[in-house]
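A look at the structure
Given next are the chains, with one letter for each unit.
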Amino acid sequence: MNPVRHALSAQLAQSRYASRLIEARPSLATRLDAEGGNPFSRAEIVEALAPLEGADEAAVRSGLRQLRQAVLLREMARDLSGLASLDEVCGAMSDLAEATIGFAQDWAEAWLRSRNGAARDTQGNEQCLIVVGMGKLGGRELNVSSDIDLIFVYPDDGQTDGPRVVSAQENFAALGRKIISLLNDATEDGFVFRVDMRLRPDGEAGAIATSLTALENYFVAHGREWERYAWIKARPLTGERHEELEAIRRPFVFRKYLDFATLDAMRALHAEVRREVARRDLADHIKLGPGGIREIEFIAQALQLVRGGRDRALAVRPTLEILRQLGLKRLLPEGAVAELCEAYVFLRRLEHRLQYLDDAQTHRLPEDEADRTRVAAMCGYESWDACADKIASVRDSVSNHFSAVFAPGRESGDASSTVWQDDPAGVAKALKEHGYRDPAATASRLLATRTSQRYLGLPSDSRARVDALIPQLVNAARDTPDRDATLARGLDLIEAIARRAAYLALLAEHREALVRVARLIGAASWAASFITRHPLLLDELLDDRVLYAEPDWPAFARDLEAQLAAVDGDTERQMNALREAHQSQVFRLLAQDLSGLLSVEKLADHLSLLADILLDKTLALCWSQLRARHRDGPPSFAVIAYGKLGGKELGYASDLDIIFVYDDPHPSAPEVYARLAQRLNNWLTSRTSAGQLFDTDLRLRPSGASGLLVSSIEGFTRYQESDAWVWEHQALTRARFCAGDVAVGQAFEAVREKVLRTHRAADELGRQVLAMRGKMHAAHPNKSGLFDVKHDAGGMIDIEFIVQFLVLAHADVHAQLVANLGNIALLKISADLGLIPPALAEGARVAYRSFRKLQHGLRLNDAQFARVPPDLVEQHARAVKALWCVVFAADDGSTLK
């Protein structure tokens, strides 16, 4: 006997439904043995429906039901023989549903049109019914005996144009009822699908068919949290104008912000399910009971609801795909995703075997011993006890993961309501016991928050979250160097986000995030103000693996490209996407910086590369949206970085010193590229709801603020060779191509090298460099008694001027000095070339690193000036001054002034 046929025949014996069906229609067994080696494809289903076109109603009803029998029998046999995966079985049943719904609608429309004519809107345009598949049908996850949850939607109000004129609503309601009857009614051949319409607006009391406008109004005025969950998988199966339906569905289901408040709602919804399970004694229910299919779906869809509005990759429908995406994005641990996916497949396959017994929509484990034996055999177990042990193990695993996601955040530490009360003395006493340095002042700060109108005016849910968070913040601040300052900064943050329930919910749901917040804001006041300005970044604190991971810039660029493409055509959302992506990466770098994982130099490299990527992406967007372009391809245009960005020494709040050049002979090029540069600068500097991307400084372009916004390569070359001041050539030593057309960038680099390698008289060059240094020193007077690590003699500016002089004075002979490698590397190269004493060069290198580190630390705590006690840097300043004297010594041995 054919092994496939033998396996199919043997396994089908466990199903009473299959046995009865084959006994009644032996031809099904013959066809199964002949064709069972292949899945029942969508094409085969459509081919089977073709003879029913134009048939009478009785023939249609019979044909649809017999087709369902054939599909179910083959997929059951393939499943039980190990030939079909869960995806195949669910896919075949979903294909059957979609095809038969479409066929039923076509047949019913023809039947109804003979009575009512065509349904038209108020403008006379013909319109069609949209059948929306909900739940497992929407996700293409139908089980073998599943109901199908449907909603009927039509585009617009209007009326029919036939012999009997009725409203569009009445016509489409009649059409819907006919579709239901064709699929749902039981005949001698059974049914096609049981149809459940209870998910429609207003449930069983609502209209059978709803217009798009009425659906949108319902969502706005009456949509409930459980309906967001219900619509998450909704998918239009028939009709037209699906984009309009999606434009209504998506904002209802997914919020623009991170919606952690939904976890409370989902928790409450599941609690209702659990109470119903207990009331009806459904502990053995593998769908609704503890550790069942519904809990896996709750996990996947709750996290999907939290983030799907901001990440379209999570707005998918199949449960397994959602779980995989959550794993890829590290929103669920890898092990949890693997166990939940395995459990989902196991429970869905078990669900099918329970339903194979009698083609009944059941999810309860059998009590009858014979049925238990049958189910165990279909699951591949020799005994029910072994099968039951596996079921229990799987459900326990699901329950544990469910609890990990949905368990309310637990209190930690020992701070209690004593620090959050109206008695100043009681608060101060509690703070003193917790080790606060200035308990009276800190108690006053707490009471100021507690009595503020901002707090008192909060909705009750938000106020309750604040009440729970404040004691936790008091605890978390105790583990930071200055707990009083940390608590004050934390209160500023909570006050800033208090009216944003989603952020309060995030901290309430993830107490570990509050601990990480305290650690960051306690380490640097700039970090506190950054988080307070951009509370969306709180989401970054949920996973240390992501927060402290080494940046993958190519992956970041690809992800950003995908995010921008997803909101193509929406300028505001694209601008916000750029800003949020930048803030997210800066925040991760900040966390790594404050944890000691990054040197100042490595941090600056990362920040500079991040800026390069954002400039390149922003430039591409601006060009794509520029009107009246003179060319179809990319622009022959480049962004040139100067200053901190050019030297790859960018800090968190650094301006971008940039200029724009082009290499394009077209007559329209100057005007087009000027508009492009202006648009690019506006995109970078404009403030949106997500903040500002960068501050820019464009004054280093030829002729400064009075010059053209963009320069041709030829014009830039002429200016640098004939009109530029020495200080502009000094600035050119730190310039580099950073975004745009690589060919134009290469042309710029060639000009830069040519200019820097021009021979210059060292004495005259030295006098001009010293004169410029004198002007800068005068512009930054320091009478504080502290040492300014940037501007004072022996500081960072002196080192930069030394390097710039060495490049301009000696690059004509030593080409290696032209490379934009940074001051530290160029000092070493100069020493290796014999231009400066190695010991002095090393002293200046060490000093420059130390100055940058000091400056960085001061700026992280919002210091206005980078000034320190002179004795702290005396040795470094002396080393820099010593090198200065050597470099700028005149021929007669005197020091140039």
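Residues numbered from 1 in each chain as written. Predicted model: local features only at pLDDT ≥ 70, side-chain atom pairs only at ≥ 80, totals over all residues. Heavy atoms only, no water.

Some details on the pairing of strand β8 (residues 637-642)
- Of all the 6 residues making up β8, 6 are buried; the element is thus mostly covered by neighbouring parts of the structure.
- Sheet topology note: the β8/strand β9 (residues 656-662) ladder contains 6 bridges and is antiparallel. In the sheet register, Ala 638 faces β9, and the bridge partner there is Val 661.
- Looking at chain direction, β8 and strand β12 (residues 736-740) are connected through 4 bridges and run antiparallel. Note that in β12 the partner of Ala 641 across the bridge is Arg 736. (Buried < 20%, exposed > 50% of the residue type's maximum accessible area, 1.4 Å probe, protein only. Helix = DSSP H or I, 4+ residues; strand = E, 2+ residues; numbered from the N terminus. Pairing = 2+ DSSP bridges.)

Concerning the environment of Ile 286
- Mapped onto the fold, Ile 286 is located in the loop between α12 (261-279) and α13 (293-307).
- Separated by 79 residues in sequence, Ile 286 and Leu 365 place their C-alpha atoms 7.3 Å apart.
- Ile 286 has contacts with Gly 292, Ile 293, Leu 347, Leu 350, Glu 351, Leu 354, His 363, Leu 365 and Arg 395, leaving out every residue within four places of it along the chain. (Contact = heavy atoms within 4.5 Å.)

Some thoughts on the side chain of Gln 301
- Relative to the elements of secondary structure, Gln 301 occurs in helix α13.
- By relative accessible area, which is 3% here, Gln 301 ends up buried.
- Sequence-distant contacts of Gln 301, that is, excluding residues within four places in its chain, are made with Tyr 229, Ile 232, Lys 233, Thr 319 and Ile 322.

Examining the state of the cysteines
- Here the structure, examined in full by the defined rule, presents 0 disulfides.
- Not engaged in a disulfide, the cysteine Cys 341 finds its nearest cysteine sulfur in Cys 90; these two sulfurs lie 14 Å apart.
- Here Cys 738 stays free of any disulfide, with the sulfur of Cys 622 as its closest cysteine sulfur at 14 Å.
- Using a relative accessible area of 9% as the deciding quantity, one classes Cys 738 as buried. (Disulfide = S-S within 2.5 Å.)

Side note on unusual backbone geometry
- Phi at Arg 241 takes a positive value of approximately 60°, unusual for a residue other than glycine.
- Secondary-structure assignment places Arg 241 in the loop between β7 (235-236) and α11 (242-253).
- On the basis of relative accessible area, Arg 241 is assigned to the partly exposed category, the value being 28%.
- The backbone phi angle of Lys 648 is positive, close to 55°, even though this residue is not glycine.
- Judged by relative accessible area, Lys 648 falls into the partly exposed class, the value being 42%.

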